[in-house]
Amino acid sequence: MTIVAASAPVSAPESSQSALSWGAILAGAAVASAASLCLFVLGSGLGFAAVSPWANAGVAAGTFAVSAAIWLVIVQWVASALGGYITGRLRTRWVGVHTDEVFFRDTAHGFLSWCVATLIAAVLLGSAVVGTVSSGVQATTSVLSGAAQGASAGAASAVGNVTDPTGYLVDTLFRPVSDQLPPAAVPPQGQPDVRGETMRIVGTSIANGAMTDPDKAYLAQLIAARTGIPAADAEKRVNDMLAEVEATKVKAQEAADAARKAATTTMILGFLALVIGAFIASVSAALAGKLRDEDVPSTT
């Protein structure tokens, strides 16, 4: 009887060549970053040309936000395609590797180039955000210190601040009905101006969300005594002023809600742009790698 010994399968020796071509990956990332910068600068120029500080001129704010989001998507896709293609064409050619493995490696190279370019953009964007926040903190500190100095100057300077919208609303409460005021409407000499007290009442009411009935009655009495108008008309002035304050608050809330919706839409579009950009970079690298590995026809 002849005994045949089965030989163990011999594994192929592992290649000493790395599966990663970092030179090609970094080159593709550099191209993607530079393309993003160029397109971003171009988009900024087009955006500044489209907007206008004048009323009824330039594009609307909503249209500008949508256009900016679409442009960011275009920037991401174009830059990713360029970076992936450069990575695929410049990577080292692998010899003796299966076609499926080559396809996977090319796709991974394109994805890695997109990752590096995205990290570079994140670092640059983070630096810009940090600089903006730092400037904002310095400006806030200056404002707070100035406010503290202004508070120590007394209530008279606060009343005289023409940029305070509350002061304007309070002034409307004490407007006379005619150029000739009745004698009772003229405050005695030396009597303190009631605007400071009124501003404190109005400010407290705005902070609390509503004005109490005693405050309304008290303000109506002050207005009637100062202007000489009937009590009913004074109460109407108070109610009209409060209605205007409420309308201003509603407008501010609507503006904040619109900004929130715009930010949400921008973040969602940015996420989709990044995901599709990664896909485009991977496909571009695979296509470029295929073109790179094509046999050059021999000339006879």
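Each value, and the rule that gives it
- Numbering of residues starts from 1 in every chain and runs along the sequence as written.
- Predicted model: local features are reported for residues with pLDDT of at least 70 only, side-chain atom pairs are reported and counted for 80 or more only, and whole-chain, interface and lining totals are derived from all residues.
- Side-chain numbers come from the whole structure's heavy atoms, not from hydrogens or water.
- The numbering of helices and of strands both runs from the N terminus, where a helix is a DSSP run of H or I of at least 4 residues and a strand a run of E of at least 2.
- The classification of residues rests on relative accessible area computed with a 1.4 Å probe and restricted to protein chains. Under 20% of the type maximum is buried, over 50% is exposed, and intermediate values are partly exposed.
- In this analysis, two residues are considered to be in contact whenever any of their non-hydrogen atoms come within 4.5 Å of each other.
- Working definition of accessibility: Shrake-Rupley area with a 1.4 Å probe, residue cover restricted to the visible protein chains.
- Put simply, buried Ala, Val, Leu, Ile, Met, Phe, Trp, Tyr and Cys residues joined by side-chain atoms within 4.5 Å make one nonpolar core.
- To get an axis, fit a line to the C-alpha atoms, keeping to the stretch in contact for a helix; angles then go from 0 to 180 degrees between the N-to-C directions.
- Working rule for angles: under 35 degrees goes down as roughly parallel, over 145 as roughly antiparallel, 65 to 115 as roughly perpendicular, anything else as oblique.
- Each helix crossing is assigned a hand: it is left-handed if the near helix lies turned anticlockwise from the far helix by less than a right angle, otherwise right-handed if that turn is clockwise.
- Ten residue types, Ala, Val, Leu, Ile, Met, Phe, Trp, Tyr, Cys and Pro, are classed as nonpolar, four, Asp, Glu, Lys and Arg, as charged, and the remainder, Gly among them, as polar.
- We count a salt bridge whenever a side-chain nitrogen from Lys or Arg sits within 4 Å of a carboxyl oxygen from Asp or Glu.
- The patches reported here contain residues having more than 30% relative accessible area and no salt bridge. Joining distances are 9 Å for like charges and 5 Å for nonpolar side chains (Val, Leu, Ile, Met, Phe, Trp, Tyr).

Right, let's talk about the overall build of the protein chain for a bit. On a plain count of helices and strands, the protein chain comes out with eight helices and zero strands. Here the protein chain, with 300 residues, has 23% of them falling under the buried criterion. Within the protein chain, residue pairs in contact and separated by at least 24 positions form 79% of the contacts whose partners lie at least 6 positions apart. Carbon and sulfur atoms make up 68% of the accessible area of the protein chain, which amounts to about 20,000 Å² in all.

Turning our attention to the nonpolar core. Ranked by size, the top nonpolar core spans 18 residues in total, and within it Val-202, Met-211, Leu-219, Ile-223, Ala-234, Val-238 and Met-241 carry the most contacts. Counting residues per element, the ones that place at least two in this core are helix 5 (165-173), helix 6 (195-208), helix 7 (213-227) and helix 8 (231-293). In terms of residue count, the dominant contributor to this core is helix 7 (five residues). If sequence neighbours within four positions are ignored, Ala-234 has contacts with Ala-220, Ile-223, Ala-224 and Ile-229. Counting residues in each nonpolar core, the second largest holds seven residues, with Ile-25, Ala-29, Ala-32 and Ala-35 among its members.

For the rest of this paragraph, the subject is the packing of helix 7 against helix 8. Packed helices, taken two at a time, are described by the angle their axes make and the gap between the axes. One can describe the packing of helix 7 onto helix 8 by two numbers: an axis separation of 8 Å at closest approach and a directional angle of 120°. When the axes of helix 7 and helix 8 are compared, the pair comes out oblique. Classified by chirality, the crossing of helix 8 by helix 7 is right-handed. Taking contact as the criterion, the partners of Lys-216, Leu-219, Ala-220, Ile-223, Ala-224 and Thr-227 in helix 7 are, on helix 8, Ala-231, Ala-234, Glu-235, Arg-237, Val-238, Asn-239 and Leu-242. Of the residues contributing to the contact of helix 7 with helix 8, the split by class is eight nonpolar, two polar and three charged.

Below, the discussion takes up the side chain of Ser-21. Mapped onto the secondary structure, Ser-21 falls in the segment before helix 1 (22-50). Judged by relative accessible area, which is 7%, Ser-21 ranks as buried.

Turning our attention to the pattern of salt bridges. Overall, the coordinates contain six salt bridges when judged by the stated rule. One salt bridge in this structure joins Lys-249 and Glu-246, with 3.9 Å as the shortest N-O distance. With Lys-249 and Glu-246 both in helix 8, this residue pair falls three residues apart, about one helical turn. The exposure class assigned to Lys-249 is partly exposed, which follows from its relative accessible area of 26%. Linked by salt bridges that have partners in common, Asp-257, Arg-260 and Lys-261 make up one network.

For the rest of this paragraph, the subject is a nonpolar patch on the surface. On the surface, a cluster of nonpolar side chains totalling about 550 Å² of accessible area is made up of Trp-77, Ile-268, Phe-271, Leu-272, Val-275 and Ile-276. Looking at the nonpolar patch element by element, the count peaks at five residues for helix 8. By the element assignment, Ile-276 lies in helix 8. For Ile-276, a relative accessible area of 33% gives the class partly exposed.

Don't take any of this as a statement about function, it's just geometry.
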